[in-house]
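Inside the fold
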Amino acid sequence: MSVSPPLRNLQPTRPFGEHPQEKPKYIIKKKVPQVCARACECDCAYNVVVGVDRITGLERALTIEGRPEDPVSRGKYCIKALGFVDSLYDPDRLLVTLKRTNPKRGLDQDPGFVVVKSNDALKEIIEKLKKYKREEILFNSPGDPYTNRLCRSLGVTRSDQRTECFGTHYYLNSLMVTNPPNKYYSSTYTVTHSLWGYDYSKTKYMLWFGFDSFSKLAKAGILNHIVEGKRNGTKIVVFNPVKTPIADSIASEWYPIKPGTDLAVTLAMINIFLNEKLYKVEFLKNYSDAYALIDIETKLHVVDEKGKWLSWCGTHNKPEPINSCDNPTLEGGSFSFESNGRTIEAKTVFQLLKESVKDYTPDWAAKISEVPAEEIARIAREFAQAAPMVCIPNLKRDAAGPNYANSWRLMHTINIMHALTGSFDHEGGVLFLNGVKIPWLEDVDPPAKPYPPQPKEPVDYRNEFPVSNDIYQNKDYSAPGHYGMVGYGLYNTDKIKVVFFRSPHRGLHALIQPQMVEAALMKMDLVIDWNLYPDDTIYWCDYVLPAPHQYEESKFDIRQYYPKWPCYVGGSPVQQPPGDVIGWGKIAKEIGLALAPEYWTTDGSQDRTKAIKGDMYTPALKAVGINDMNDFMTNKNGIWIDKKPYENYKTIKEIGYGRPEGRIRLYIDEFANVGHDPLPKWSPRWTSSEGEYKFSLLVTRAPWHMHADPNFINNPVLNMLTRKNFIDCIWIHPDAGKELGLQEGAEVVIETNPKYMTDVPRPVKAKVHLSKRVARKDCVLLFHGMGHRSKLLRNGVYGYRDGDLIPQKNPKIVKQHDPTGMGWVEDVYVRIKKA
Amino acid sequence: MASTYSILLDTRFCTGCNTCFYKCVQENRLHDTAAEGHYRTLVLIKDDGLYHRRCMHCKEPSCEAVCPTAALSKTDYGPVLYDAERCIGCKTCVAACPFHVPQWDETRHQVVKCTMCAHRLQDVAGGKTIPACVEVCPTGALIFGEYDELVAMAKQIASENKLHIYGLEENGGTHLIILAKEKPEVIGYPAVPRDTVRSREIKSVSGVVAGAAAVAALAYAGIKKYSERRIQVQNFNRSEE
């Protein structure tokens, strides 16, 4: 045995670059422009860095590099984008089509999957679909262009999970501003059903009603703007029963509001605006229906023979068209006049709004919301004084989303506040998308003949909600579906025999009370999933088709989250899809050409050689002087932007009600028609605290998760981060824990009040994290996305599933509370007990 | 290198998104290590604020002072670096760090801690090579620059906004400076005295003796282990390749 000198390795200090930790771990080979289309709706543009990992010697996508020229991300990106890089190589990715051999469905069954060629499987699926009536088929899918075409050409129901995120906003925005939006908004890669973003970096004052959820903590595309605004002095007031890290410091003020009572605060603020005349008269006069007359008897706008709104002329003492009246009256009345042989009593929208909110004082709101009255009044005044450079951002699962039975009312009040302050379509306020348009498939390849009718009684009960159904059927087929009731319909009826899940990495997890859907799927003839991962859904599926990763696709997108300037960005595939992966466009086309070919050929024939091309990008690019995607990506590096000054109030005229002299509509006739309030009134949430069921359910998700996406849930690095931050626990206030006798880490069972979940309850087991970030003793915070049970996700099975606690809704109940028919995802009280 | 670099963390703009954490993992190819619970930087969402657990890059690092094999070394440009091939795995640095930062990776038999992305700092003057965590921070909460300039900036921001500064004096001063609304120790940062290991040794003759004795003992005890360790590390690196 030889013995080396003991200090042989103690070398003198090395010159720079010689230390092992001064050497890079990889060599960059190329940078591929991409747009982040599935992590969130910011859709940050960035480069995927491809290189050689020095440890493994393999060339692969390694990380992300920012693109400062993108007006949304401005060179930033988030942890989810980084997660997507590694998920390209997730060993559990689905790369082949699976076909069930064991007819018994369910998580406790081995499906006996065998591998079949994707094309062969698709042919088999098509032959099976031919055996069913259109009323018996459900596509569980968002309204992307190809799914829309497919479902409309087949005359089948499409219903999806987008309701959860965007539905309430979408329908209120459609009813108040865009009517309908389709002509103006684009068939972007991720349609967020919104036409505007917020000028976070220029705004002077923001009100956030639950906007600062944990999921927002990593939305780089908006955070970089919010922080710029903060550095420039933006005041941010947050109402949230959870104290997020944003509330710690970026927020100027934070109020732990009682869940589901934000509406009381906004009503009181409108009361202050109106009583103290803190509104922008010129905006109301020129860009809203505030001066329009409402027939007190019919509860509808009074219109002339051309359908134009009328106002009351103070000079001529008679109704005149709102756009030409030289002295319209804002308040007072009622005004009496004859029209078509009938005496009409009418008041202005403004007057009715004033009457509607007259009792909603700050003192009244304080008793409901537990936000001090003097603070409500002060904040309202400050907000109005900063107008029009103010905004109330709402994008997804904030309090104005589909969270409570009164959220549609809250969204209504928020839009009214934007109108009263003149911040709609104004720099520093709400920025309207302008100057860009990616056409829809219907625009570039219009169908040769009208589509067949949709099922009269769809399984998601859309027909029971005439306001949103009218938009869906007649104005925008991509409108959000009723995911809060589709499970109820599948379980309680026998209408559907075939379910086709089209939404990679969502499926069952996207549905509230998935146990009800699982039970319903047991009785289906045929269940198909197009998925990136073998998640829970596949245990109920007959076929599972493999979807591509987002970095294996081309992208073309607008800049909706910061639409200050007209802008397009594009992305190129980082790699070709591996294995037997099949794209959705091909699936839709093949099914369409087989079952409804006349809608999938350019001339309405059945000749496959005349199949539609579906090129939605070239027309958009040509309009800005770019030949095609190849030209765009090669010569423009995938970005086009026109940095012209933002023209305040220009787009309202183009897109609003009564365009080309468009206006914001504060008063919603459609609600009056179905017996709901056309102007916002207070209404409590659906559920209430009862006995042990006293914890109001709050749902958020980790900044590094997107929905229940295994791209992140199945990532062992992110799972470590999840555990370190107690995201796999339920969070309650320490005092609540003390009252329940619970220590940190205690095992508990959470159960929904059975009064509100009458069928198929599934209590949830979890560990408790005691945290003052849950600021109220009457709340419990759950994190969405976990709770996978698929044995084929080797790193993904941990935590609990929040959706198990959220009931699917009986449409008869929903109709009584909400004309939009949304999910009410947090309108739930639960009991917490030691396990 | 002529400059001495530093990182300033203004927690007022940190959201706890942990993009810095994952960027660090990718930049340094630490996926397997991180999956097992070891990391160079990570943000913990605490009740009273955000706790960034990462190397403070002390001016007079305790880890360097106690390391019997000079595996840890303070560079003249700021970062404290670690050389796995010199490390004997005694874990003295893990115990000695007053900030509780170095982590021992049992699988790879290595210390895990931040390098301030030393490999990126060759062209700082060019303006592009900054630490990965700083580059990626969506809110600009992390700022990289010359130590003296960042200290001046930190003092000014703290004064204007009534913030606490962490890192100016702790353990004799560090090259990571943290600004926080709350007292850092309330958030979760360790309460660390001003004195460093070296300064305590200088102050106390007995300390010098004791320190020297301790180092000597460790050195002698580690000689055999050290030789074995080199072979162990070499074998491990070969298997990784």
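Residues numbered from 1 in each chain as written. Chains lettered and ligands numbered in written order. Predicted model: local features only at pLDDT ≥ 70, side-chain atom pairs only at ≥ 80, totals over all residues. Heavy atoms only, no water.

1. Re the overall build of chain A
- What chain A contains, in helices and strands, is 25 helices and 31 strands.
- Taken against the 2.2 N^0.38 rule, which gives 28 Å for 835 residues, the C-alpha radius of gyration of chain A at 27 Å falls within 12% of a compact globule.
- Taken over the C-alpha atoms alone, chain A extends approximately 110 × 70 × 60 Å along its principal axes.
- A burial count over chain A gives 66% of its 835 residues as buried.
- Residue pairs at least 24 apart in sequence account for 74% of intrachain contacts in chain A once pairs closer than 6 positions are excluded. (Helix = DSSP H or I, 4+ residues; strand = E, 2+ residues; numbered from the N terminus. Rg over C-alpha atoms; globule rule 2.2 N^0.38 Å. Buried < 20%, exposed > 50% of the residue type's maximum accessible area, 1.4 Å probe, protein only. Contact = heavy atoms within 4.5 Å.)

2. A word on unusual backbone geometry
- Residues Gly 333 of chain A and Ser 334 of chain A are joined by a peptide bond in cis, for which omega reads 20 degrees.
- Its identity is not glycine, yet Asn 317 of chain A carries a phi of approximately 50 degrees, on the positive side.
- Its relative accessible area of 53% is what places Asn 317 of chain A among the exposed residues.
- Phi at Met 116 of chain B is positive, roughly 60 degrees, even though this residue is not glycine.
- Summarising the element assignment, Met 116 of chain B is placed in the loop between strand E7 (110-112) and helix H5 (132-136).
- Looking at Met 116 of chain B, the relative accessible area reads 1%, which means it is buried.

3. Observations regarding the sheet that holds strand E1 (residues 5-10) of chain B
Residues and elements named next belong to chain B.
- The strand order across the open sheet formed by four strands is E8-E1-E10-E9, and the pairing between neighbours is mixed. Each end of this open sheet is capped by a strand with a single partner; those strands are strand E8 (142-146) and strand E9 (164-166). Ignoring strand direction, the axes of neighbouring strands in this sheet form an average angle of 20 degrees.
- Examined bridge by bridge, E1 and strand E10 (residues 176-180) share four bridges and lie parallel to one another. Each residue of the ladder has a partner; that of Leu 9, found in E10, is Ile 178. (Pairing = 2+ DSSP bridges. Axes fitted to C-alpha atoms, helices over the stretch in contact; angles between N-to-C directions.)

4. Brief notes about the pattern of salt bridges
Residues and elements named next belong to chain A.
- Evaluation of the coordinates by the stated rule reveals 67 salt bridges over all chains.
- Among the ionic pairs, Lys 449 bridges to Glu 598, the shortest N-O distance being 3.6 Å. Of this pair, Lys 449 sits in the loop between helix H13 (441-444) and helix H14 (466-475) while Glu 598 sits in the loop between helix H17 (584-595) and helix H18 (617-622); the two residues are 149 residues apart in sequence, bridging distant segments of the chain.
- Across the pair Asp 536 and Arg 789 runs a salt bridge, and its minimum N-O distance is 3.1 Å. Placement of the pair is Asp 536 in the loop between strand E21 (526-531) and strand E22 (543-546) and Arg 789 in the loop between strand E30 (779-783) and helix H25 (811-817), with a sequence separation of 253 residues.
- Arg 789 gets classed as partly exposed once you look at its relative accessible area, which sits at 25%.
- Each of the salt bridges in this network shares a partner with another, and the network as a whole consists of Glu 518, Asp 536, Arg 762, Arg 789, Arg 801 and Asp 804. (Salt bridge = Lys/Arg side-chain N within 4 Å of Asp/Glu carboxyl O.)

5. Focus on the interface of chain B and chain A
- Taken residue by residue, the interface counts 60 residues in chain B and 59 residues in chain A.
- Carbon and sulfur atoms make up 54% of the area that chain B and chain A hide from each other, which totals about 5100 Å².
- On inspection of chain B and its partner chain A, the count reaches two salt bridges.
- Between Asp 48 of chain B and Lys 772 of chain A there is a salt bridge, with the nearest N and O atoms lying 3.7 Å from each other.
- For the pair chain B and chain A, the number of links is 27 residue pairs in polar contact (both at pLDDT 80 or more).
- When residues in the side of chain B that touches chain A are grouped by element, the largest group, seven residues, is from helix H1 (residues 19-27) of chain B. (Buried area = accessible area lost by both parts, 1.4 Å probe. Polar contact = N/O pair within 3.5 Å; in protein donor to acceptor, adjacent residues only side chain to side chain.)

6. Here we look at the domain arrangement of chain A
All names here are of chain A.
- Examined at the domain level, chain A breaks down into domain 1 (23-87), domain 2 (97-166 + 437-550 + 579-612), domain 3 (196-432 + 653-673) and domain 4 (695-834).
- Between domain 1 and domain 3, the C-alpha centre-to-centre distance is 40 Å.
- With 13 residues of domain 1 at the contact, the number on the domain 3 side is nine residues.
- Of the roughly 790 Å² buried between domain 1 and domain 3, counting both surfaces, carbon and sulfur atoms make up 52%.
- Per-residue buried area on domain 1 facing domain 3 is highest for Glu 41, Cys 42 and Arg 74; these three make up 48% of the total on that side.
- For the pair domain 1 and domain 3, the interface holds one salt bridge.
- At the junction of domain 1 and domain 3, the tally comes to six residue pairs in polar contact (both at pLDDT 80 or more).
- In terms of residue class, the side of domain 1 that touches domain 3 is built from eight nonpolar, one polar and four charged. (Domains from an automatic or database assignment. Nonpolar A, V, L, I, M, F, W, Y, C, P; charged D, E, K, R; others polar.)

7. Here we look at the packing of helix H7 (residues 262-275) of chain A against helix H10 (residues 362-369) of chain A
All names here are of chain A.
- H10 packs onto H7 with a crossing angle of 170 degrees between their chain directions and a minimal axis gap of 9 Å. Considering the angle they form, H7 stands roughly antiparallel to H10. Contacts between H7 and H10 involve Ala 264, Val 265, Leu 267, Ala 268 and Ile 272 from the former and Pro 362, Trp 364, Ala 365, Ile 368 and Ser 369 from the latter.
- A per-class count over the contact of H7 with H10 returns nine nonpolar, one polar and no charged. (Parallel < 35°, antiparallel > 145°, perpendicular 65-115°, else oblique.)

8. Observations concerning the packing of aromatic side chains
All names here are of chain A.
- Scanning the entire structure with this criterion turns up 46 aromatic pairs over all chains.
- Between Trp 208 and Phe 211 the ring centres are 5.0 Å apart and the planes differ by 70 degrees, which places this aromatic pair in the edge-to-face class. Each of the two residues, Trp 208 as well as Phe 211, counts as buried.
- Measuring from ring centre to ring centre gives 5.8 Å for Phe 424 and Phe 432, while their planes differ by 75 degrees; the resulting arrangement is edge-to-face. Accessibility assignment for this pair places Phe 424 and Phe 432 in one class, buried.
- Of the aromatic side chains, those joined through ring pairs into one cluster are Tyr 46, Tyr 77, Phe 84, Tyr 551 and Phe 712. (Phe/Tyr/Trp six-rings, centres within 6.5 Å; stacked < 30°, edge-to-face > 60°.)

9. Points about H1 of chain B
Residues and elements named next belong to chain B.
- Most of H1 sits inside the fold, with nine of its nine residues counted as buried.
- Of the positions making up H1, those classed as buried are Thr 19, Cys 20, Phe 21, Tyr 22, Lys 23, Cys 24, Val 25, Gln 26 and Glu 27.
- Once H1 finishes, Arg 29 follows within two positions and takes phi at roughly 50 degrees, a positive value.

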